[in-house]
Amino acid sequence: MHVAVLAFPFGSHALSLVDLTLKLARVAQETRFSFLNTEKSNSSIFLAARATLPDNIKAYNVADGVPLNHVFSGDPIERVELFIKEAPGNFKTALDLAVAETGRKISCLMTDAFLSFAGSIAENLSIPWIPVWTPVPHSLSAHIYTDMIRQRYANSIIHDCSNRVELEDQTLDVPGLSEFRIGDLPAEVLPPRDAKETLFSCMLGQIRYTMPKVDTLVMNFYHELYPEPLLKDLKSKFSNLLNVGFISLSLPPPSLPPSTEDVTGCLSWLDGQKAKSVAFISFGTVVNIPQSEIEELAEALEVSGNPFLWALRDSMSYCLPSGFLDRASTHGKVVPWAPQIQVLAHSSISVFITHCGANSVYESIANGVPMICRPFFADHKLNARLIADEWRAGVRIDGGIFTKTGVLKSLDLILEREQGRGIRSRAQDLKELVLKASAPGGRASQDFKTLVENDHHIGVTHLVW
Ligand SMILES: O=c1ccn([C@@H]2O[C@H](COP(=O)(O)OP(=O)(O)O[C@H]3O[C@H](CO)[C@@H](O)[C@H](O)[C@H]3O)[C@@H](O)[C@H]2O)c(=O)[nH]1
């Protein structure tokens, strides 16, 4: 068997896919796994944390689609657009190389579900396509029901003259999404500005046509975490909806080489803090926080006196108020990068101030840490609604942006108030639920077993743990 895994190389999408590949490669040792991704993404995910690959995985670099001497306009979506434009051809070139090198035909295509064109590649090769949906299932539903949403809520979505999209706080009458508002949806689900689709929105738009045709869909989620109507609706569309659990947490925490382990000293600093006392702040790999909000957040942290650990990328640290680092050094630490999985698992962490990227949310839930949510774009707002209203394991920041009073209020609510006790205990309950589902015999483990044995596309006939 030769499984080709195709990654979407932006944000933190590739993380879950590489971990799923590692997990599969351990149990399907006779199968060859070729992991196709851009050089930039490959080097960050493989070099950073998961340096040692089993012999049956090889990473292949796929061209990123950026023309030679290209001058970037500064639009963050530009790299994504250039990649998508050439992606089918570039993946095909890398697939041919993997076949030539191994002497094995591809037997199964496993891809990030965002790559909706992968279904045609699989069809041309007459092999099965197994898409993997890495964000929360609610966003898959939003993409599947794009037509219904655009038609039904056309009047609630107003493009003003500056092209800003105004959204009404109207609940969605869409299967499985009745707790959500139009304003929570990813931009690509809504009618495009100027009626112009980007290549990215077109690719995601195809999901509603291509995905319902697949037999097996892998979800980076737990059966137990769905609201019943959403689960029922998705199950009616996919005969094999496999919720294998939070993929990037299904392996032991990434072991960094000793020389780089905890280079920023986060874990040793946390060792010196009281149990459940520290607020951890991190905004993933993509979001750029407006300077004014960094200042407000910093002021709140200074005034509150609550211990904090803040992972703030170097590109944004100049926004901190002058003298903040010195003044806050008595109770806080700011680093450019934190080993987040280990940090959230540390007993000193009390709350996570997050942008609500899917991986951050999963890492927080898996460790029973309640969240203060400041969502920005993409799936962040759906995730924030899920955390605050459905799971009740956190709160959204007042007014939607960081203000000094809003941050102080949220910290006080989660850490001190009676309402916070409920939120903290709900986060713990979710952790227990996830642990149970991931244990051998648990629902997520059963679904992983089904994936591995499923018609033997992965090369294992009977999985023995
Ligand atoms: O100092 C840091 C900061 C981040 N991380 C890790 O980086 C990942 C960040 O992932 P995520 O929380 O998903 O944030 P983004 O990188 O911003 O995520 C992009 O990709 C996600 C997964 O599809 C989407 O949900 C988001 O919308 C999109 O912004 C997590 O695993 C973190 O543990 C660290 O280890 N240390």
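Here, residues in each chain are numbered from 1, in the same order as that chain's written sequence. Predicted model: local features are reported for residues with pLDDT of at least 70 only, side-chain atom pairs are reported and counted for 80 or more only, and whole-chain, interface and lining totals are derived from all residues. Calculation of side-chain values draws on the structure's entire complement of heavy atoms; hydrogens and water are dropped beforehand.

As recorded in an unreviewed UniProt entry, the protein chain goes by Glycosyltransferase and comes from Salix koriyanagi. Quoted verbatim from the Catalytic activity (unreviewed entry) field of UniProt, the annotation for the protein chain is "an anthocyanidin + UDP-alpha-D-glucose + H(+) = an anthocyanidin 3-O-beta-D-glucoside + UDP". UniProt positions are given in the numbering used here, feature names are shortened, and annotations may be inferred rather than shown by experiment.

Novice: Just to check I follow, could you spell out the overall build of the protein chain for this structure?
Specialist: When helices and strands are tallied, the protein chain shows 19 helices and 15 strands. To get the radius of gyration, use the C-alpha atoms; to get the globule rule, take the number of residues to the power 0.38 and multiply by 2.2 Å. Here the C-alpha atoms of the protein chain give a radius of gyration of 22 Å, agreeing with the 23 Å that 2.2 N^0.38 yields for 465 residues. Its C-alpha atoms give the protein chain principal-axis dimensions of about 65 × 55 × 50 Å. Only heavy atoms matter for contacts: two residues are in contact if any of them lie within 4.5 Å across the pair. Counting only contacts in the protein chain whose residues sit at least 6 apart along the sequence, the fraction spanning at least 24 positions is 68%. Counted as positive: Lys and Arg. Counted as negative: Asp and Glu, with His and the chain ends omitted from the count. By convention, the charge on Lys lies at NZ, on Arg at CZ, on Asp at CG and on Glu at CD. Here the protein chain contributes 42 positive and 51 negative side-chain charges, whose respective centroids are spaced 3 Å apart. Helical segments are the DSSP runs of H or I of at least four residues, strand segments are the runs of E of at least two, and each set is numbered from the N terminus.

Novice: What's the story with the site of the ligand in this structure? I'm lost.
Specialist: For each residue, the test is whether any non-hydrogen atom lies within 4 Å of the molecule or strand; if one does, the residue is near. Around the ligand there are 22 residues in total, and Ser-12, Thr-285, Ala-338, Ser-360 and Asp-379 lie nearest to it. As used in this structure description, the phrase polar contact means that two N or O atoms lie within 3.5 Å; if the pair is within protein, one of them must be able to donate a hydrogen and the other to accept it, and residues adjacent in sequence are counted only when both atoms belong to side chains. In the environment of the ligand, an oxygen atom lies 2.5 Å from a nitrogen or oxygen atom belonging to the side chain of Ser-12. His-13 is positioned with one of its side-chain polar atoms (N or O) 2.9 Å from an oxygen atom of the ligand. Here, Shrake-Rupley sampling with a 1.4 Å probe gives the accessible areas, and only protein chains in the shown set may cover a residue. When the ligand is considered free in solution it has 690 Å² of accessible area, and contact with the protein chains removes 94% of it. Those elements that provide at least two residues to the shell around the ligand are helix 1 (13-27) and helix 15 (358-366). At four residues, the largest contribution of residues to the shell around the ligand is made by helix 15.

Novice: Explanation requested: helix 19 (residues 443-453) in the structure shown.
Specialist: Since one α-helical turn is 3.6 residues long, residues separated by three or four positions face the same way. Any residue under 20% of the maximum accessible area for its type is buried, any over 50% is exposed, and the rest in between are partly exposed; the area is computed with a 1.4 Å probe on protein chains only. Along helix 19, eight of the 11 residues are buried, which leaves the element largely enclosed by surrounding structure. Along helix 19, the residues that are buried comprise Ala-444, Ser-445, Asp-447, Phe-448, Lys-449, Leu-451, Val-452 and Glu-453. Those residues of helix 19 that are buried lie in contact with helix 1, strand 4 (108-112), strand 5 (129-133), strand 8 (216-219), strand 9 (240-243) and helix 18 (418-438). Of the residues flanking the end of helix 19, it is Asp-455, one or two places downstream, whose phi is positive at about 50°.

Novice: I tried to follow unusual backbone geometry on my own but got confused; where do I start?
Specialist: What you tend to see is this: most non-glycine residues have negative phi, and most peptide bonds are trans. Of note, Ser-126 is a non-glycine position whose phi angle comes to about 55°, a positive value. With respect to the element layout, Ser-126 can be found in the loop between helix 4 (118-125) and strand 5. Ser-126 sits in the exposed class, given a relative accessible area of 66%.

Novice: Which parts of the structure should I look at to understand the state of the cysteines?
Specialist: Think of a disulfide as a covalent bridge from one cysteine sulfur atom to another cysteine sulfur atom. Working definition: a disulfide is two cysteine sulfur atoms within 2.5 Å of each other. In this structure the tally under the stated criterion is zero disulfides. Lacking any disulfide linkage, Cys-266 is separated from the closest cysteine sulfur, that of Cys-319, by 20 Å. The exposure class assigned to Cys-266 is buried, which follows from its relative accessible area of 0%. Free of any disulfide, Cys-373 has its nearest cysteine sulfur in Cys-356, 3.7 Å distant.

Novice: Got a minute to help me understand the sheet that holds strand 4 in this structure?
Specialist: Note on sheets: strands pair through backbone hydrogen bonds, and any given pair is parallel or antiparallel. Pairing is parallel across the open sheet formed by seven strands, whose spatial order is 3-2-1-4-5-8-9. Looking along the sheet, the strands with just one partner apiece sit at the ends: strand 3 (57-62) and strand 9. Strand after strand, the sheet turns through a mean of 20° between neighbouring axes, direction not considered. Sheet analysis places strand 5 next to strand 8, joined by two bridges and oriented parallel. Residue Trp-133 lies in a different strand from strand 8, and its bridge partner there is Met-219. Taken strand by strand, helix 1 contacts strand 1 (2-6), strand 2 (32-38), strand 3, strand 4, strand 5 and strand 8, and its axis lies near 170° from that of strand 2. Sitting on the sheet, helix 19 touches strand 4, strand 5, strand 8 and strand 9, and the angle it makes with strand 9 is about 130°. A strand pair is defined by DSSP finding two or more bridges across the two strands. Helix axes use the C-alpha atoms of the stretch in contact, all axes being lines fitted to C-alpha atoms, and the angles between their N-to-C directions lie in the range 0 to 180 degrees.

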